Amino acid sequence: MNDTRTTVSSGPFGRVDEVDEAVPAGRPVAESDAAQAAELHTPVLLRQCLDLLAPALVGPNAPARPILIDCTLGMGGHSEAALERFENLSVIGIDRDPEAIALASARLARFGERFRAVCATYDRVDSLASDAAEAAGRRSGVVDAILMDLGVSSLQLDRAERGFSYLRSAPLDMRMDQSGGRTAQDILDTADEHELARILRVYGEERFAARIAAGVVRRREAGDPVRSTDALAELVRACVPAAARRTGGNPAKRTFQALRVAVNAELAVLERAVPRALNSIRVGGRIVIESYQSLEDRIVKRVLAAGFSSSAPQELPFVPQDAMPYLEPATHGALKADDNELAANPRSAPVRLRAATRIRPAAEAPAPEPAPRPRTHPARKPAQGRRGR
């Protein structure tokens, strides 16, 4: 991450925003970009998200000036709708993608000081919530609601040059923040067959991970390495048995998911972010999370389930106060897209929406963070002569 900072806007939080200055070259932000973002981006389950957030933002138990943190700002569709519906609301939008920050900031400029953008990974949600609460004069250090719309954004999928889509030819980048870090190309160029198979199997749940990894390494050793998204998609198709290609959509989708998750450390960030988000909302506050693949949803479901349950041993005849649940479900299981949503927004097909209300203060019942995991397969450095980072 580039340490150079630039101001985006000031806000009702008593401080100026800081974001990383690195915005992808050749993409100046203009009003037309903001308008295009609004036209292209259709937020998934928008009404349901706002309805679930509403009890924390309006009504007798809500503060006069509520604060929402949108952990996955993207092109700003959810934030825009929330700012329009809840007239006293202030929103902090987080995104690690500088291009998304620039586009969403232009789109939401009409809301003035009610909106603030921060370029960061969303596992910083706790520190940003604390800063916002302090600036708003809240001694508790918590906000009212948090929204997470996980996975790759429409902006990243629709920009072919970003390398997230297997439908168009592009360099194998897949970084959500292009200012630094390894790319998917770096992984394909440097990971050995065992490590590559592990990435595809663990992060993509790919049944044919070993075949695909072997195919990538064979190409590399033959002096003809995979160099583009379409070349990778073709290689995957050739490695997957014909019978398995007949169902389940494009056979490359799991490989692309796995590489994207590995490049951006998405699951590690999510495992830290969900407990921190739960510890950043007040009693009566809401968290709403949309997941799009099973690995994400398992993490969300596991962390929420821990808060729904008593931590007391089952053999105790009563539940001590400090072992009582600290969350209450706001949805019955996971909500899915109905036929109308699917017709309006085909990208909503895999969504799983879960929501919860905090019922005990985080100070006395914090959601536990995962223990740090040892790195059994350290990242390899790209070989000399490859593209500079």
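Since the structure is predicted, the reported quantities are computational estimates derived from the model, not experimental observations.

**Here's the deal with the overall build of the chain**
Line of reasoning, step 1. Within the chain one finds 15 helices and nine strands.
Line of reasoning, step 2. Going through the 389 residues of the chain one by one, you find that 51% of them count as buried.
Line of reasoning, step 3. Counting only contacts in the chain whose residues sit at least 6 apart along the sequence, the fraction spanning at least 24 positions is 72%.
Line of reasoning, step 4. Surface accessibility of the chain: about 18000 Å² in total, with carbon and sulfur atoms responsible for 50%.

**Considerations on the environment of glycine 307**
Line of reasoning, step 1. Structurally, glycine 307 can be placed in helix H14 (residues 294-308).
Line of reasoning, step 2. Look at glycine 307 and you get buried, because its relative accessible area is 0%.
Line of reasoning, step 3. Along the sequence, glycine 307 and leucine 278 sit 29 residues apart, while their C-alpha atoms lie 9.2 Å from each other.
Line of reasoning, step 4. With residues near it in sequence (within four places) discarded, glycine 307 still touches Pro325, Tyr326 and Leu327.

**Examining the pattern of salt bridges**
Line of reasoning, step 1. A full pass over the atoms with the stated rule returns 22 salt bridges.
Line of reasoning, step 2. In this structure, the salt-bridge partner of arginine 354 is aspartate 297, at a minimum N-O distance of 2.8 Å. A residue pair is termed long-range when its members are at least 10 positions apart, and arginine 354 in strand E9 (residues 352-358) and aspartate 297 in helix H14 qualify at 57 residues. In this structure, arginine 354 and aspartate 297 share a single accessibility class: buried.
Line of reasoning, step 3. Via salt bridges that share partners, Glu80, Glu84, Arg107 and Arg110 belong to a single interconnected network.

**Quick notes on the UniProt feature "binding site: S-adenosyl-L-methionine" (unreviewed entry) in the chain**
Line of reasoning, step 1. The positions UniProt marks with the feature "binding site: S-adenosyl-L-methionine" (unreviewed entry) are Gly76, Gly77, His78, Asp95, Tyr122, Asp149 and Gln156.
Line of reasoning, step 2. With respect to the helices and strands, the residue glycine 77 is situated in helix H3 (residues 77-85).
Line of reasoning, step 3. When near neighbours in sequence (up to four residues on either side) are disregarded, glycine 77 contacts His41, Pro43 and Arg107.
Line of reasoning, step 4. The topology assignment puts aspartate 149 in strand E6 (residues 143-149).
Line of reasoning, step 5. Judged by its relative accessible area of 16%, aspartate 149 is buried.
Line of reasoning, step 6. Every residue in contact with aspartate 149, bar those within four places of it in the chain, is listed here: Thr72, His78, Glu290 and Tyr292.

**Observations concerning the sheet that holds strand E7 (residues 281-291)**
Line of reasoning, step 1. Here we have seven strands laid out as an open sheet, ordered E5-E4-E3-E6-E7-E9-E8, and mixed in their pairing. Only two strands of the sheet have a single neighbouring strand rather than two, namely strand E5 (115-119) and strand E8 (327-329). Each strand axis lies, on average, 20 degrees off the axis of its neighbour in the sheet, ignoring direction.
Line of reasoning, step 2. When strand E4 (residues 90-95) meets E5, the two strands line up parallel, connected through five bridges. Along E5, the bridge assignment pairs aspartate 95 with cysteine 119.

**Remarks on the nonpolar core**
Line of reasoning, step 1. Ile69, Tyr122, Ile146, Met148 and Ile287 are the most contacted members of the largest nonpolar core, which totals 37 residues.
Line of reasoning, step 2. Secondary-structure elements contributing two or more residues to this core are strand E3 (67-70), E4, helix H5 (125-135), E6, helix H13 (266-278), E7 and H14.
Line of reasoning, step 3. In terms of residues, this core owes the most to one element, H13, which gives seven residues.

Definitions and limits used
Residues numbered from 1 in each chain as written. Predicted model: local features only at pLDDT ≥ 70, side-chain atom pairs only at ≥ 80, totals over all residues. Heavy atoms only, no water. Helix = DSSP H or I, 4+ residues; strand = E, 2+ residues; numbered from the N terminus. Buried < 20%, exposed > 50% of the residue type's maximum accessible area, 1.4 Å probe, protein only. Contact = heavy atoms within 4.5 Å. Areas by Shrake-Rupley, 256 points an atom, 1.4 Å probe, with all protein chains shown as cover. Salt bridge = Lys/Arg side-chain N within 4 Å of Asp/Glu carboxyl O. UniProt positions renumbered as here; feature names shortened; annotations may be inferred. Pairing = 2+ DSSP bridges. Axes fitted to C-alpha atoms, helices over the stretch in contact; angles between N-to-C directions. Core = buried A, V, L, I, M, F, W, Y, C linked by side-chain atoms within 4.5 Å.

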